[in-house]
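# Commentary on secondary and tertiary structure
The chain contents come next:
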Amino acid sequence: MPTLANDIADINLADSGRDRVEWAERDMPVLRLIRERFAKEKPLQGQRVTACLHVTTETANLMRTLVEGGAEVAICASNPLSTQDDVAAALVRHYGVQTFCIKGEDNETYYRHIHQALDIRPTMTMDDGADTVGVIHNDRRDLLETIIGGTEETTTGVIRLRAMANDGVLMYPVVAINDADTKHLFDNRYGTGQSTIDGVLRATNMLIAGRTVVVCGYGWCGRGVASRAKGMGAHVVVTEVDPTKAIEAVMDGFMVMPIDEAASMGDLFITTTGNKNVISSSTFERIKDGAIVCNSGHFNAEIDIPALERASTARRAVRPFVEEFTLSGGKRVYLLGDGRLINLAAAEGHPASVMDMSFANQALCAEYLVQNSASLDKNVYRVPLDIDRNVAALKLASMGVKIDVLTKEQEVYLNSWQEGT
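Residues numbered from 1 in each chain as written. Predicted model: local features only at pLDDT ≥ 70, side-chain atom pairs only at ≥ 80, totals over all residues. Heavy atoms only, no water.

This part is about the layout of surface pockets. Approximately 980 Å³ is the volume found for the largest pocket. Around the largest pocket sit 48 residues that line it, and Thr155, Cys221, Thr272, Thr273 and Gly274 are the ones nearest its centre. Among the elements of the structure, helix 3 (57-68), helix 7 (155-166), helix 8 (181-204), helix 9 (220-231), helix 14 (342-345) and helix 15 (352-372) are those that each provide at least two residues to the lining of the largest pocket. Residue contributions to the lining of the largest pocket peak at five residues, all from helix 8. Here the residues of the lining of the largest pocket are counted per class, giving 14 nonpolar, 23 polar and eleven charged. In this structure, the second largest pocket encloses a volume near 260 Å³. Looking at the second largest pocket, it is lined by 16 residues, and the ones nearest its centre are Glu58, Glu348, His350, Pro351 and Ala352. Elements supplying a minimum of two residues to the lining of the second largest pocket: helix 1 (14-25), helix 3, helix 8 and helix 15. When residues in the lining of the second largest pocket are grouped by element, the largest group, four residues, is from helix 8. Split by residue class, the lining of the second largest pocket holds four nonpolar, six polar and six charged. (1 Å grid on protein atoms, 1.4 Å probe; cavity = no way out; pocket = protein on both sides within 12 Å on 5 of 7 lines; lining within 4 Å. Points joined across faces, edges and corners; volume = space filled by probe spheres on them. Helix = DSSP H or I, 4+ residues; strand = E, 2+ residues; numbered from the N terminus. Nonpolar A, V, L, I, M, F, W, Y, C, P; charged D, E, K, R; others polar.)

Okay, structure coming up:
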């Protein structure tokens, strides 16, 4: 491998990182098939991709796919606590990817790493949270002339990008990977559901059964977390602002109430909304002694941490990724993972099997942008339906699952109006 520009924790971790990347690959058959095709066809030849993603074993397999497709790739972290340092080392030593990320980096380093990853002058961006797009539009507008398009992995980033498009300031097309059915119906629900509980358990070693778990937000991530908590024996309370989602939560068997009403009941609070200050000062005033608070949305703004700090008379770390805040009157509140993504701060993120579909969409949409960007407006686009369905079909095939095929008669019936009751 050539010597690469990078800023990582320890290059000596590279071999152990490679072993874990290869372990994850076992459960990523769809992405592996795409990588094999990319190696032959080189659809990304000449492209330079800046990726701002969680640097995990699954992400490393996506980066390998882009490189096999002919792209030059630089990656930085999309969250200060989501980097797996051994994977970062493996990307540099074994996979030819310029890498700028260190688990636990401060805010200044986080943004410096984004700028370093952008120094390859990308033709394409790949985001999880839209921070790279924001930096380009605010500070690196000189790069806009080379960028043909981008992709966005998560709900929070799609919200930001659609706001930019609505304001007329988005300067290149972006494909919203999160909108693919093979992403949000599986990654968000099953991935977030399992990995969030995994992060909580690794950080606290608490027993979920018999506890009251308050899940803030009932989108696909919240659905997944609520379902997994219920399956482990928790009493689950859901908080929502959307009346339709609230009705769904009720009919799924959960209690639904405002957050401040749930505050005095909850043993564990998990935010999954993509909004800010969902758990606020008024919640902390009402919260019970010993409550644990964490976030599984993209940014730590979901919990009003400054309000918690102001209300505290003392604070101390009691376990890795667990900080105790003592409020006036002696009540204690425990914050996990600095309020950042608990599934990546304290655990390993989503299982490889579910990320297989998400990252298959990423790779195929990168190819789609190369082929179609010239005809796309500066807007946010859904993943093309044929890509979405192809990913689902490949995943089913990898699982040995077969499904029916419409007959000609059925196709005609579904596409006609003449035949009724």
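Text resumes after the structure shown.
Now for the packing of helix 2 (residues 29-41) against helix 16 (residues 385-398). In the contact formed by helix 2 and helix 16, the axes pass within 9 Å of each other and the chain directions differ by 115°. If you check the angle between helix 2 and helix 16, you find them roughly perpendicular. In the packing of helix 2 onto helix 16, the handedness of the crossing is right-handed. Residue-level inspection shows Pro29, Val30 and Leu33 of helix 2 in contact with helix 16, the latter providing Val391, Leu394, Lys395 and Ser398. Residues of the contact of helix 2 with helix 16, tallied by class, amount to five nonpolar, one polar and one charged. (Axes fitted to C-alpha atoms, helices over the stretch in contact; angles between N-to-C directions. Parallel < 35°, antiparallel > 145°, perpendicular 65-115°, else oblique. Left-handed = near helix turned anticlockwise from the far one by under 90°. Contact = heavy atoms within 4.5 Å.)

Further remarks concern the sheet that holds strand 1 (residues 6-7). On the basis of which strands lie adjacent, the open sheet formed by eight strands has the order 1-4-3-2-5-6-7-16 and parallel pairing. Each having just a single partner strand, strand 1 and strand 16 (380-382) make up the two edges of the open sheet. Relative to strand 16, strand 7 (residues 174-176) runs parallel, the two sharing three bridges. Note that in strand 16 the partner of Val175 across the bridge is Tyr381. Docked against the sheet, helix 5 (residues 107-118) engages strand 1, strand 2 (48-53), strand 3 (72-77) and strand 4 (98-100), running at close to 175° with respect to strand 3. (Pairing = 2+ DSSP bridges.)

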